[in-house]
Structures are given as structure tokens and as C-alpha cells.
Amino acid sequence: MGPIPSEPKVYLNAEQVSGLSVLRKFGWRIVCVRRPSASDTTTILINKHSCKLGVLGSDGILRLTNNLQIRDTKKKHIVTE
């Protein structure tokens with residue numbers, strides 16, 4: 001299973017879909033959807049301009065954090081904020 005599902009909106013609620021559509025206009029994109037179970041998912045976004053990471057909350061609001069780590073599979077190292 002890849003980091004981004006083929007249909008990520010399946011894992012998002014209505015508020016998250018709405019929030020994501022606004023955030024995309026400001027350079028945010030999905031970097032991964034953590035899926036330990038179908039009902040418990042975490043959507044991680046990255047900003048293409050600043051490379052900042054954030055978590056898309058269930059209320060559709062992006063929460064920036066310094067505590068996220070993602071693997072960069074192309075460079076084989078950990079990317080942190």
C-alpha cells in the first residue's frame with residue numbers, strides 16, 4: 001500500500017474535503033494518509049513552497065507541527081521540519 005491512496009477522499013470526511021480544496025490553492029498537497037484502520041486515519045499535508053508539514057484535522061483545519069517525520073523514498077533519509 002502506497003503512502004497516498006488512489007482515492008484519498010475515501011478516507012476524508014466532508015469537512016476535510018472542503019478544507020483540502022481551500023488548502024490546495026495555497027500550495028498544500030497530501031504527502032501521506034496514515035491508515036492503521038479504516039476508521040482511524042491521519043492525513044499529512046506538505047506545503048510545496050515552504051516544505052512545512054501539517055495534519056488535516058477532522059474539522060478540516062490544518063494544524064502545523066514540528067513533530068512529524070516522513071521518509072523521502074527518493075533520497076533515503078528522514079525529512080523533518
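Bear in mind the structure is a predicted one, so any value in this text is a computation, not a measurement.

Turning our attention to the side chain of Gln-16. Summarising the element assignment, Gln-16 is placed in helix α1 (residues 14–24). With sequence-adjacent residues up to four places away left out, Gln-16 is seen in contact with Tyr-11, Leu-56, Gly-57, Ser-58 and Gly-60.

Attention shifts here to the packing of aromatic side chains. What the rule picks out here adds up to zero aromatic pairs. Across the ring face of Tyr-11, the terminal group of Arg-35 is positioned such that the distance to the ring centre comes to 5.5 Å.

Counted under the stated rule, the structure contains one salt bridge. When the shortest N-O distance is used, the salt bridge between Arg-63 and Asp-59 registers 2.7 Å.

Hydrogen bonding along the main chain pairs the strands of a sheet, whether they run parallel or antiparallel. Ordered in space as β1-β2-β3-β4, the four strands form an open sheet in which the pairing is antiparallel. In the strand order of this sheet, the two ends are held by β1 (28–37) and β4 (62–64), each with one partner. With direction set aside, neighbouring strand axes in the sheet form an average angle of 30°. With three bridges connecting them, strand β3 (residues 53–56) and β4 associate as antiparallel partners.

Summarising the sheet, strand β2 (residues 40–47) and β3 pair through four bridges and their orientation is antiparallel. Bridge pairing links Leu-45 to Gly-54 in β3. The antiparallel pairing of β2 with β3 creates a hairpin that spans five residues between the two strands, and Cys-51 there sits at a positive phi of about 60°.

Moving on, we come to α1. Residues Gln-16, Gly-19, Leu-20 and Leu-23 constitute the buried set of α1. Buried residues along α1 cover an arc of 105° about the axis, so they all sit on one side. Where the residues of α1 are buried, they touch β1, β2, β3 and β4. Its side-chain oxygen placed 3.0 Å from the backbone nitrogen of Glu-15, Asn-13 serves as the N-cap of α1.

In the predicted model, the protein carries a mean pLDDT of 85, and the fraction of residues at 70 or more is 86%. Of all helices and strands in the protein, the one with the weakest mean pLDDT is strand β6 (residues 77–80) (45), whereas α1 scores best (97). Counting interchain partners and residues more than four positions distant, the pLDDT-below-50 stretch residues 75–81 has 17 contacts.

The rules behind the values
Residues numbered from 1 in each chain as written. Predicted model: local features only at pLDDT ≥ 70, side-chain atom pairs only at ≥ 80, totals over all residues. Heavy atoms only, no water. Helix = DSSP H or I, 4+ residues; strand = E, 2+ residues; numbered from the N terminus. Contact = heavy atoms within 4.5 Å. Phe/Tyr/Trp six-rings, centres within 6.5 Å; stacked < 30°, edge-to-face > 60°. Lys NZ or Arg CZ within 6 Å of the ring centre and 35° of its normal. Salt bridge = Lys/Arg side-chain N within 4 Å of Asp/Glu carboxyl O. Pairing = 2+ DSSP bridges. Axes fitted to C-alpha atoms, helices over the stretch in contact; angles between N-to-C directions. Buried < 20%, exposed > 50% of the residue type's maximum accessible area, 1.4 Å probe, protein only. Arc of directions from axis to C-beta. Polar contact = N/O pair within 3.5 Å; in protein donor to acceptor, adjacent residues only side chain to side chain. pLDDT = per-residue confidence, 0-100.

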